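# Per-entry structural report
Residue strings, one per chain:
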Amino acid sequence: MSDAAETKKASARADRAPRGRMSRLRVPATFFGMVLGLCGLGNGWRTAARIGLAPAWIGEAVSLCGVAVWAAWIALYALRWLNDRDAVRAEARDPTAAFLGSLVPIATMIAAVGLAPHWPAAAGAMALAGLVGTTLFAAWGVGGLWMGNRAFEATSPILYTPTVGGGFVAAITCASLEMKELGLLFFGAGLLSWLTLESVVVHRLILKTLPVGLRASLGLHLAPPAVACVAYLAVTDGPPDRLAQILFGYALFQALVTLRLVPWLRRQPFSPAAWAYTFGVSALPLAALRLTERGLAGPSAALAVPLFVAANLVIGWIAVRTLALLLGSRRAPAG
């Protein structure tokens, strides 16, 4: 079967999968995007608390909620490997969806950051597992790309996940464990991977529209500059320099482009795939808050609170819609 045909099948699965019953344990790797959004939002509340804008307990509660979601999905994903291994392997071979598997170790790292203040030993083990898993997955994925014969239609922002998302989250994780030198190595891998892949992805987006079932993947296109800014601030010290401000500026531009596309993006029926937007949505105000925390005044400081409020509204809306969808699917008759 051609890569183009596989891409169409992946789009169809993206629309169908969220409507399945939870009792079937069909938890796709995309569900780990919820962990990125919740823990990212929790880090935003933690930063807001440090600069006196919010009580500390909210950030801890949201972060631990993200950790609990990670634990639930890890358990269900492991059961899916036992009960539906052929389907999981088919996803791993799919040219479009295969890279989404990297969300599992990436979510493990971001959950480790959320858990670290409460259970450092467990968080350290999770972080190590996530770092190793992300590194191996990225090497495997990029190696596959270098062998060529990839269909044009199989190119989407999902390509960012193992190297760009993985590299930046690994840098943040290393910094939280007081390993900034190692974090800089991961930041370099993520930054240069993003700069090289950006032109490839944008070229595809310009020449051929994304199928409706894959449009939520544009949320992954929003994330890199914002997460890069957060990662860069994590592995550096002192007042924010020009590079941090440049990254934040590009993140703002990506957010404006995404807002312009909202009517077009909403043609895709709502599903948990919408959590792909929350990685960037949570990282943008987090970057502004971190810039403010490090002493930068000006536009980023003025935008920090409005962006943070907007992020809470967007992620809260997605969470409510997802909960309603999952509860509804449990009451639905077996298909």
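Before going into details, it helps to say that this report is about the structure given with it. (Residues numbered from 1 in each chain as written. Predicted model: local features only at pLDDT ≥ 70, side-chain atom pairs only at ≥ 80, totals over all residues. Heavy atoms only, no water.)

### Focus: the nonpolar core
Where we set the bar: Put simply, a nonpolar core is a bunch of buried Ala, Val, Leu, Ile, Met, Phe, Trp, Tyr and Cys residues held in one set by side-chain atoms that sit within 4.5 Å of each other. Type-normalised accessible area, obtained with a 1.4 Å probe on protein chains alone, sets the label of each residue: buried when under 20%, exposed when over 50%, and partly exposed for intermediate values. Working definition: helices are DSSP H or I runs of at least four residues, strands are E runs of at least two. Numbering for both runs from the N terminus. When checking whether two residues touch, look at their non-hydrogen atoms; a contact exists if any pair is within 4.5 Å.
Within the largest apolar cluster, 102 residues are counted, with the highest numbers of intra-cluster contacts made by Phe32, Val35, Trp73, Phe168, Trp194 and Phe248. The biggest single contributor to this core is helix 9 (residues 218-235), with 14 residues. For Phe248, the contacting residues outside a window of four places in its chain are Cys229, Leu284, Ala287, Ala288, Leu291, Ser300 and Leu307.

### Describing the side chain of Ser193
This is how the line gets drawn: Within 3.5 Å is the distance limit for a polar contact, defined as a pair of N or O atoms, with the added protein rule that one can donate a hydrogen and the other accept it, and that residues adjacent in sequence qualify only through two side-chain atoms.
Topologically, Ser193 is positioned in helix 8 (residues 180-207). At 2.7 Å, the side chain of Ser193 forms a polar contact with the backbone oxygen of Ala189. With residues near it in sequence (within four places) discarded, Ser193 still touches Thr163 and Val164.

### A few points about the environment of Pro95
As for its placement among the helices and strands, Pro95 is situated in the loop between helix 4 (85-93) and helix 5 (103-115). In this structure Pro95 comes out as buried when scored by relative accessible area, which is 13%. In this structure, the C-alpha to C-alpha distance between Pro95 and Ala125, residues 30 residues apart in sequence, is 31 Å.

### Digging into unusual backbone geometry
Peptide bonds are mostly trans, and most non-glycine residues show a negative phi. Notably, Asn149 is not glycine yet its phi reads approximately 60 degrees, a positive angle. Located in the positive-phi region is Glu178, a residue other than glycine, with phi close to 60 degrees. By the element assignment, Glu178 lies in the loop between helix 7 (160-176) and helix 8. With a relative accessible area of 67%, Glu178 lands in the exposed category.

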